[in-house]
Amino acid sequence: IHTISQDSMGFMWIGTQGGIVRFDGFKFDEIDAVNDTAGALDKIDFQTFFRDHDYIFWLGVYNEFLISFNPYQNRVQYHKISKPRHEGNRREYSYNFAEDHEFRIWFINGSGIFCYDPYTGIDTSIRIPDQYPNADNEVLTTIYFDSFSTEIQCGTDKGNIYHINAITYGITKSGFDADSNTDIHQIYRSDKNSMWIATSSGLFKYNPESKTQEVYTSDGAGTNRLSHNFVNCMLPDIHQNLWLGTQ
């Protein structure tokens, strides 16, 4: 099991290496969606999927199509996009998703950032090395829409975070400072002064305004100590507690 999400009706949706499973609280059902004529659902390893504001799931990319799944209609839809480029040893299938304030779907794989508008069918591809040549040896690992700045935040396997302007597509490098051996796994901004960054080297709290940061690791004391430095994921609850998944 790689990823889990819940819809507005309470169903749990589970992404696995072999497909999608729905849990209704009593039984598990494998999804055999209609309109999946290419059989793509059987070929995608669901490392992650994303639920948008309409509770549509965005599943991944197969050939030249971005795939969405409507759980209410049990229907798969294929969205034609420009085929992503895969360069060198990039992680071809490490897709992560985000949705911006205009309901466009952003996603990454190892070689680039892509923005898709479901309403117009227009897609745009962005490469960080086009503006930061030294980033050519970095692999994109996570993507997040920052509603405070209305920017897209992208983390890499070299401890860097890049900001993408959702309107102009301009790129700037964050002031966040981490070791170059640090993988960034997830980004979450809880308020104007607090950006939480889950990494392979601990949990960072970064202030985008003052450019200051602190880190929580297994070497910390008392309640600031983590069970393990490898923080794979995090989830804020309704009480503003931050739940961490570690190795």
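What counts as what
Residues numbered from 1 in each chain as written. Predicted model: local features only at pLDDT ≥ 70, side-chain atom pairs only at ≥ 80, totals over all residues. Heavy atoms only, no water. Helix = DSSP H or I, 4+ residues; strand = E, 2+ residues; numbered from the N terminus. Buried < 20%, exposed > 50% of the residue type's maximum accessible area, 1.4 Å probe, protein only. Contact = heavy atoms within 4.5 Å. Areas by Shrake-Rupley, 256 points an atom, 1.4 Å probe, with all protein chains shown as cover. Pairing = 2+ DSSP bridges. Axes fitted to C-alpha atoms, helices over the stretch in contact; angles between N-to-C directions. Salt bridge = Lys/Arg side-chain N within 4 Å of Asp/Glu carboxyl O. Phe/Tyr/Trp six-rings, centres within 6.5 Å; stacked < 30°, edge-to-face > 60°.

K.L.:
Can you walk me through the overall build of the protein in this structure?
P.N.:
Secondary structure summary: the protein contains zero helices and 22 strands in total. Relative to its full complement of 247 residues, the protein shows a buried share of 46%. Pairs at least 24 apart in sequence give 42% of the contacts found in the protein among residues at least 6 apart. Total accessible area on the protein stands at roughly 12,800 Å², and carbon and sulfur atoms take up 47% of it.

K.L.:
Would you mind showing me how to read the sheet that holds strand β3 (residues 19-23) here?
P.N.:
Within a beta sheet, neighbouring strands are joined by backbone hydrogen bonds and run either parallel or antiparallel to one another. Reading across the sheet, the four strands line up as β1-β2-β3-β4 and stay open at both edges, with antiparallel pairing between neighbours. Edge positions in the open sheet fall to β1 (3-6) and β4 (28-30), since each of these has one partner strand only. The mean inter-strand angle of the sheet, taken between neighbouring strand axes irrespective of direction, is 25 degrees. As defined by bridge partners, strand β2 (residues 12-16) adjoins β3 across five bridges and the pair is classed as antiparallel. Directly across from M12, in β3, lies its bridge partner F23.

K.L.:
I tried to follow the pattern of salt bridges on my own but got confused; where do I start?
P.N.:
Pairing is possible between side chains that carry opposite charge, provided their charged atoms lie close to one another. Per the counting criterion, the structure on display carries seven salt bridges. Residue R104 pairs with D100 through a salt bridge whose shortest N-O separation is 2.8 Å. The exposure class assigned to R104 is buried, which follows from its relative accessible area of 7%. For D100, a relative accessible area of 3% puts it in the buried group. Salt-bridge contacts for R189 lead to D146; the nearest nitrogen and oxygen are separated by 2.7 Å. Here R189 is found in strand β17 (residues 184-191), whereas its partner D146 is found in strand β13 (residues 140-146), with 43 residues between them in sequence.

K.L.:
What am I meant to see in the packing of aromatic side chains here?
P.N.:
A ring pair, where both rings are aromatic, is described by two values, the distance of the centres and the angle of the planes. Scanning the model with the defined rule gives eleven aromatic pairs in all. A ring pair is formed by W13 and F57, whose centres lie 5.5 Å apart and whose planes are at 50 degrees; its orientation type is tilted. Placement of the pair is W13 in strand β2 and F57 in strand β6 (residues 57-62), with a sequence separation of 44 residues. The pair W13 / F57 is uniform in exposure class, with both members buried. By the ring-pair criterion, three or more aromatic residues cluster together here, those being W13, F57 and F69.

K.L.:
Before we go on, may I ask you to explain unusual backbone geometry in this structure?
P.N.:
Only a minority of non-glycine residues have a phi that is not negative, and only a minority of peptide bonds are not trans. Its identity is not glycine, yet F103 carries a phi of approximately 65 degrees, on the positive side. Tracing the backbone shows F103 in the loop between β9 (96-99) and β10 (105-109). Assessed through its relative accessible area of 36%, F103 is described here as partly exposed. Look at T150: it is not a glycine, yet its phi comes out positive at around 50 degrees. With respect to the secondary-structure elements, T150 resides in the loop between β13 and β14 (151-156). For T150, a relative accessible area of 37% corresponds to the partly exposed category.

K.L.:
I keep staring at the sheet that holds β10 and nothing clicks. Help me out?
P.N.:
Pairing is antiparallel in the open sheet, where four strands are placed in the order β9-β10-β11-β12. On the outer flanks of this sheet lie β9 and β12 (123-126), each paired with one strand and no other. When strand polarity is set aside, the average angle formed by the axes of neighbouring strands in this sheet is 20 degrees. Sheet topology note: the β9/β10 ladder contains four bridges and is antiparallel. Across the sheet, E99 pairs through a bridge with I105, a residue of β10.

K.L.:
Would you mind showing me how to read the environment of T48 here?
P.N.:
With respect to the element layout, T48 can be found in the loop between β4 and β5 (50-51). Classification of T48 by relative accessible area gives buried; the value is 19%. With 43 residues separating them along the chain, T48 and S5 place their C-alpha atoms 9.7 Å apart.

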